[in-house]
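One-letter residues, chain by chain:
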Amino acid sequence: MKLRRNLTGWLYVSPLMLVLLPFFVAPLLVVAAASFFETDGFGGLLPNFTLQNYVDVLSSGLTFNLYLATVKFTFFTWFFTLIIGFFVAYFLVFHVRNQLLAIGLFLLCTVPFWTSNIIRMISWIPLLGKEGLINSALLATGLIHEPLEILLYSSVSVVIAYVHQLTIFMIVPIFNSMARIDKRVVEAALDAGASRFDIMRLIIVPMAKSGIALGSIFVISIVMGDFFVVKVMSGGGSASVVGAFYEDIGVLQYPTAAASAVLLTLVLVAVIALILRTVDIRREITR
């Protein structure tokens, strides 16, 4: 009987395994193996085991600066998407009484994401440029006397583009978590004399932590695995870890790029594991 249950369980997960093994596990193993190979300098791999690729990456001062820049972009993007996503979801769940209207407004939040990421990113250039709409408006109102150069081709523009692209990934899971909160709990707390701040701190945030955790995982994973936004919106003035091993691939330094990819994957796994320690995602989802 136990053997039958085990076989049945494996049968249920076999379709997922058929997808994960060739399209997820196998590529990771190939990249990990390539990180221990030597290169002939012309794109070929020599199957000679070496740790020099990791030594080169970890001993480079450039690596520290790249990780520092990546962490900076990741933190600020996560912070602003969390603030915006949390309060948008809170408004839709607790302040829009008509459920149909709440769903309609929620779908309205997704409209900008029906277009290409590239188009949405490039659309910020005429807004943030020296002669863009924002600088023109500020000059017209007399708040500034010369255009702000920090708005475009800087770290500010990179974070703005990321926040614009990724806020929806924070809104959706937080909205789903808040939608499961029993409104009677909030009403009972209000009747008992609790303030709005106490309700937010003691009821809403703890009960929405699964959505916050899932949204954080989505945002952090995407930012740490991206380089195109940094490259375009910074005007080449900033770089990221992914951008560095993309350049290594461009010059056929595959083992070094593979070592960088493995290290970034380990860092990302550690960050996700730290987030998952705050909440039991499986229990929260199946609750």
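Residues numbered from 1 in each chain as written. Predicted model: local features only at pLDDT ≥ 70, side-chain atom pairs only at ≥ 80, totals over all residues. Heavy atoms only, no water.

- You'll find the chain entered in an unreviewed UniProt entry as Spermidine/putrescine transport system permease protein, with Labrys monachus given as the organism.
- UniProt lists a comment for the chain under the heading Sequence similarities (unreviewed entry), and it reads "Belongs to the binding-protein-dependent transport system permease family. CysTW subfamily."
- Per UniProt, the chain carries the Subcellular location (unreviewed entry) text "Cell membrane". (UniProt positions renumbered as here; feature names shortened; annotations may be inferred.)

### Points about helix H13 (residues 241-250)
Move 1: When H13 is considered as a whole, its buried residues turn out to be Val241, Val242, Gly243, Phe245 and Asp248.
Move 2: Against helix H3 (61-94), helix H11 (209-224) and helix H14 (254-276) lie the buried residues of H13.
Move 3: A positive backbone phi angle near 65° is found at Leu252, which sits one or two residues after H13. (Buried < 20%, exposed > 50% of the residue type's maximum accessible area, 1.4 Å probe, protein only. Helix = DSSP H or I, 4+ residues; strand = E, 2+ residues; numbered from the N terminus. Contact = heavy atoms within 4.5 Å.)

### Digging into the environment of Ser216
Move 1: If you trace the backbone, Ser216 turns up in helix H11.
Move 2: Those residues within four positions of Ser216 in sequence are excluded, and the remaining contacts are Trp78, Met170 and Ile275.
Move 3: At 2.8 Å, the side chain of Ser216 and the side chain of Trp78 are in polar contact. (Polar contact = N/O pair within 3.5 Å; in protein donor to acceptor, adjacent residues only side chain to side chain.)

### So, the UniProt feature "domain: ABC transmembrane type-1" (unreviewed entry) in the chain
Move 1: The positions UniProt marks with the feature "domain: ABC transmembrane type-1" (unreviewed entry) are residues 67-275.
Move 2: Within residues 67-275, the helical portion is 76% and the strand portion 0%, while the C-alpha atoms at the span's ends are 19 Å from each other.

### Concerning the packing of aromatic side chains
Move 1: Taken as a whole and assessed by the stated rule, the structure comprises nine aromatic pairs.
Move 2: Taken together, a centroid distance of 6.3 Å and an interplanar angle of 20° make the contact between Phe75 and Phe79 stacked. Taken together, the residues Phe75 and Phe79, both in helix H3 and four residues apart, mark about one turn of the helix.
Move 3: Note on Phe86 and Phe87: the rings are 5.5 Å apart at their centroids and 85° apart in plane angle, and the pair reads as edge-to-face.
Move 4: Among the residues examined, Phe86 registers a relative accessible area of 7% and is labelled buried.
Move 5: Note on Phe87: relative accessible area 46%, which makes it partly exposed. (Phe/Tyr/Trp six-rings, centres within 6.5 Å; stacked < 30°, edge-to-face > 60°.)

### Side note on the nonpolar core
Move 1: Within the largest apolar cluster, 42 residues are counted, with the highest numbers of intra-cluster contacts made by Phe73, Phe94, Tyr162, Ile174, Met178, Ile204 and Met233.
Move 2: Going through the elements one at a time, H3, helix H4 (99-109), helix H8 (155-179), helix H9 (183-191), helix H10 (196-207), H11 and helix H12 (228-233) are the ones with two or more residues in this core.
Move 3: Tallying contributions element by element places H8 first for this core, with eleven residues.
Move 4: Each residue touching Phe73, except ones within four places of it in the same chain, is listed here: Ser155, Val158, Val159, Tyr162, Val223, Val230, Ser238 and Ala239.
Move 5: The next biggest cluster of nonpolar side chains, apart from the first, holds 20 residues, and it includes Val57, Val241, Phe245 and Ala261. (Core = buried A, V, L, I, M, F, W, Y, C linked by side-chain atoms within 4.5 Å.)

### Re the packing of H9 against H10
Move 1: Contact geometry of H9 with H10 gives a least axis separation of 10 Å together with a crossing angle of 140°. By the criterion of interaxial angle, the relationship of H9 to H10 is oblique. In this structure, H9 crosses over H10, and the sense of that crossing is right-handed. Counted together, Val185, Val186, Ala189 and Leu190 of H9 and Arg196, Ile199, Ile203 and Ile204 of H10 form the full contact between these two elements.
Move 2: Partitioned by chemical class, the residues of the contact of H9 with H10 number seven nonpolar, no polar and one charged. (Axes fitted to C-alpha atoms, helices over the stretch in contact; angles between N-to-C directions. Parallel < 35°, antiparallel > 145°, perpendicular 65-115°, else oblique. Left-handed = near helix turned anticlockwise from the far one by under 90°. Nonpolar A, V, L, I, M, F, W, Y, C, P; charged D, E, K, R; others polar.)

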